Amino acid sequence: MQSPEPETVVTDEDTGTRPLLSVEDLQTYFFTDEGTIKAVDGASFDVYSGRTLGIVGESGCGKSITAKSILQIIDNPGRIVGGQVKLSSNGDASKNLLEMEPNGEEIRSIRGGEISMIFQEPMTSFSPIHTFGNQIIEAIRLHSPLDKEEAHGLAVDWLRRVGIPSPEQRMSEYPYQFSGGQRQRAMIAMALCTEPRILIADEPTTALDVTTQAQILDILQTLQKQNDMSIIFITHDLGVIAEVADVVAVMYLGKVVEIGPVESIFSSPKHPYTKALLSSMPTIDAAPRERMPSITGAIPHPQNRPSGCSFHPRCPSYMSDICGLREPDLVSIGTDQQASCFLYGRN
Ligand code: SF4
């Protein structure tokens, strides 16, 4: 079957504004000896200035690969094989980041400059043999005309803003001397010191205890307000998404299966996968020892993608005459939600 044209997803309340970043029909595949893995297979969404887009889904649904594809930092044997990532520039026509050379000057000036990224495990992002101070100063100088002394002052200021005690002294320490929570704060400082227009935060609080998690979310939200920054927040934690996101995109097997404002997604989910995810969240009203509902079956290996709707082997609303045979498009439901499911029309 010929794949349909992807529908343009307009997800902000303020539909009159142009998106800052538009991801359209993104496809990133991994070409392995065992076959092709379609890690991202047609993801589309928009990101607006000063707003947070939450991307949720189980492990392996393509959230992180989507984020890395935006910045073209996909490791071999992965390759972006289709789609567009349009970044709007102030007043100018938007640039398609995927048309830039992956190691070229243009995309390198955007990475860490206009778009920064926070990774789940900061230890893998810092060099263990350079002091943290040297690394943040280098990041600042790469994207600004500041001299070393000015960059040092700015770095100390950012460490203070993200809540690192004695920042002057910590500048000369190595990443292994920071605790997990401090490393994550330091990583946020490094990502934000260049005042990016967009921050991609990939599971930034997953490895942290709840207190540190709450502090980090607080820091991100405060800095977002101060700088009118957009955030793409990737997590499998729906509780965190409810707290930080304006718009939520739910991904399953490399596709966005539902997207809409956070209130609508939580109060009136449309896609059976979103409903299943929400019902498997722990609630305070649950009776003691009550078994928590879980999603039936396991997420299939992307190499063995089911035919038709990829959620059909796990779906409680499966319809035998269509769900395993055709792939549903993302369609509008009501005024502000979109979902790809035949329950809302046999497109
Ligand atoms: Fe379930 Fe069918 Fe909708 Fe897929 S298209 S989510 S299988 S009802």
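Residues numbered from 1 in each chain as written. Predicted model: local features only at pLDDT ≥ 70, side-chain atom pairs only at ≥ 80, totals over all residues. Heavy atoms only, no water.

Engineer: Talk me through the environment of glycine 57; I want residue IDs and the actual numbers.
Structural biologist: You can see glycine 57 is positioned in the loop between β3 (52–56) and α1 (63–70). On the basis of relative accessible area, glycine 57 is assigned to the buried category, the value being 4%. Filtering out sequence-adjacent residues up to four positions away, glycine 57 remains in contact with Lys63, Thr235, His236, Met251 and Tyr273. (Helix = DSSP H or I, 4+ residues; strand = E, 2+ residues; numbered from the N terminus. Buried < 20%, exposed > 50% of the residue type's maximum accessible area, 1.4 Å probe, protein only. Contact = heavy atoms within 4.5 Å.)

Engineer: Now, about the pairing of strand β4 (residues 78–87): what can you tell me, with residues and values included?
Structural biologist: It is a general feature of regular strands that their side chains alternate between the two faces of the sheet. Where strand β1 (residues 21–32) lies against β4, 8 bridges are found, and the strand directions are antiparallel. Residue pairing across strands places glutamate 24 opposite glutamine 84, the latter belonging to β4. Bridge count for β4 against strand β5 (residues 95–96) is 2 bridges, and the pairing is antiparallel. If you follow leucine 87 over to β5, its bridge partner there is lysine 95. (Pairing = 2+ DSSP bridges.)

Engineer: If you had to explain helix α10 (residues 272–279) to someone new, which residues and values would you point to?
Structural biologist: Burial within α10 is extensive, with 6 of its 8 residues counted as buried. On its buried face, α10 is in contact with α8 (238–244), β9 (247–252), β10 (255–261) and α9 (262–267).

Engineer: Outline the domain arrangement of the protein chain, supporting the account with residue identities and numerical values.
Structural biologist: Along its sequence, the protein chain is carved into domain 1 (21–114 + 196–344) and domain 2 (128–193). Taking the mean C-alpha position of each, domain 1 and domain 2 sit 30 Å from one another. On the side of domain 2, 11 residues touch domain 1, which itself brings 19 residues to the contact. For the domain 1 and domain 2 pair, buried surface summed over both sides reaches about 1,100 Å², with 67% attributable to carbon and sulfur atoms. On the domain 1 side of the interface with domain 2, the three residues burying the most area are Ile216, Ile219 and Leu223, jointly 36% of the side's total. Here domain 1 is connected to domain 2 by 0 salt bridges. Joining domain 1 to domain 2, the criterion identifies 5 residue pairs in polar contact (both at pLDDT 80 or more). For the side of domain 1 that touches domain 2, the secondary structure elements donating two or more residues are α2 (105–110) and α7 (210–227). At 8 residues, the largest contribution of residues to the side of domain 1 that touches domain 2 is made by α7. (Domains from an automatic or database assignment. Buried area = accessible area lost by both parts, 1.4 Å probe. Salt bridge = Lys/Arg side-chain N within 4 Å of Asp/Glu carboxyl O. Polar contact = N/O pair within 3.5 Å; in protein donor to acceptor, adjacent residues only side chain to side chain.)

Engineer: Give a detailed account of the packing of aromatic side chains, specifying residues and quantitative values.
Structural biologist: By the definition in use, this model includes 7 aromatic pairs. Judged by centre distance (6.3 Å) and plane angle (55°), the rings of tyrosine 29 and phenylalanine 31 are tilted. The partly exposed category is assigned to phenylalanine 31, whose relative accessible area is 31%. Arranged with centres 6.3 Å apart and planes meeting at 20°, the rings of tyrosine 174 and tyrosine 176 form a pair that is stacked. Of the residues examined, tyrosine 176 reaches a relative accessible area of 58% and is grouped as exposed. What links up through ring pairs into an aromatic cluster is the set Phe126, Phe132 and Phe178. Geometry around tryptophan 158 places arginine 161 over its ring, the cationic atom sitting 4.0 Å from the centre. Note that arginine 170 overlies the ring of phenylalanine 178, its terminal NZ or CZ placed 4.4 Å from the centroid. (Phe/Tyr/Trp six-rings, centres within 6.5 Å; stacked < 30°, edge-to-face > 60°. Lys NZ or Arg CZ within 6 Å of the ring centre and 35° of its normal.)

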